[in-house]
Amino acid sequence: MEDKLAKLRHLSLVSKVAAELDNHLGIGDKTLAEFVVELAKTNKTPKDFQRALKEVGAEMPLPLVTNLLNIVIRLTGSGGGS
């Protein structure tokens, strides 16, 4: 049961990130959202997250990066590094 709940939470997180990307960039791709979520989990500050995105060719404005990181933190309950 917990596994199913974790999967549902993850799908919800990916959906929210995809919606945010679509709203700001016009790209609502779930695969991209999954990638962004994984980068957010390993980069604990907005600046680190923004730098990691830039390194892979996904340069985004700091307010969007901060918002995406906050979504990941809020929905995973992690400090950005789980």
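The coordinates are above.
Since the model is a prediction, treat every value here as computed from it, not as a measurement. (Residues numbered from 1 in each chain as written. Predicted model: local features only at pLDDT ≥ 70, side-chain atom pairs only at ≥ 80, totals over all residues. Heavy atoms only, no water.)

The next thing to look at is the packing of helix H2 (residues 30–42) against helix H3 (residues 46–55). Between H2 and H3, the least distance of the axes is 9 Å, while the angle of their chain directions is 135 degrees. Regarding the angle of H2 to H3, the classification is oblique. Crossing handedness for the pair H2 and H3: right-handed. On H3, the residues touching Val36, Leu39 and Ala40 of H2 are Phe49, Ala52 and Leu53. (Axes fitted to C-alpha atoms, helices over the stretch in contact; angles between N-to-C directions. Helix = DSSP H or I, 4+ residues; strand = E, 2+ residues; numbered from the N terminus. Parallel < 35°, antiparallel > 145°, perpendicular 65-115°, else oblique. Left-handed = near helix turned anticlockwise from the far one by under 90°. Contact = heavy atoms within 4.5 Å.)

Counted under the stated rule, the structure contains two salt bridges. We note a salt bridge from glutamate 38 to lysine 41, for which the minimum N-O separation is 3.7 Å. Taken together, the residues span about one helical turn, with glutamate 38 and lysine 41 both in helix H2 at a distance of three residues. Judged by its relative accessible area of 16%, lysine 41 is buried. (Salt bridge = Lys/Arg side-chain N within 4 Å of Asp/Glu carboxyl O. Buried < 20%, exposed > 50% of the residue type's maximum accessible area, 1.4 Å probe, protein only.)

Attention now goes to the side chain of asparagine 43. Examined against the element boundaries, asparagine 43 turns out to sit in the loop between H2 and H3. A distance of 2.8 Å separates the side chain of asparagine 43 from the backbone oxygen of leucine 39, its partner in a polar contact. (Polar contact = N/O pair within 3.5 Å; in protein donor to acceptor, adjacent residues only side chain to side chain.)

Below, the discussion takes up H3. When H3 is considered as a whole, its buried residues turn out to be Phe49, Gln50, Ala52 and Leu53. Each buried residue of H3 lies within a common arc of 160 degrees when the element is viewed along its axis, so the set occupies one face. The exposed residues of H3 that point more than 90 degrees off its buried face are Lys47, Lys54 and Glu55. Against the buried residues of H3 lie H2 and helix H4 (62–76). At the C-terminal side of H3, glycine 57 shows a positive phi close to 85 degrees. (Arc of directions from axis to C-beta.)

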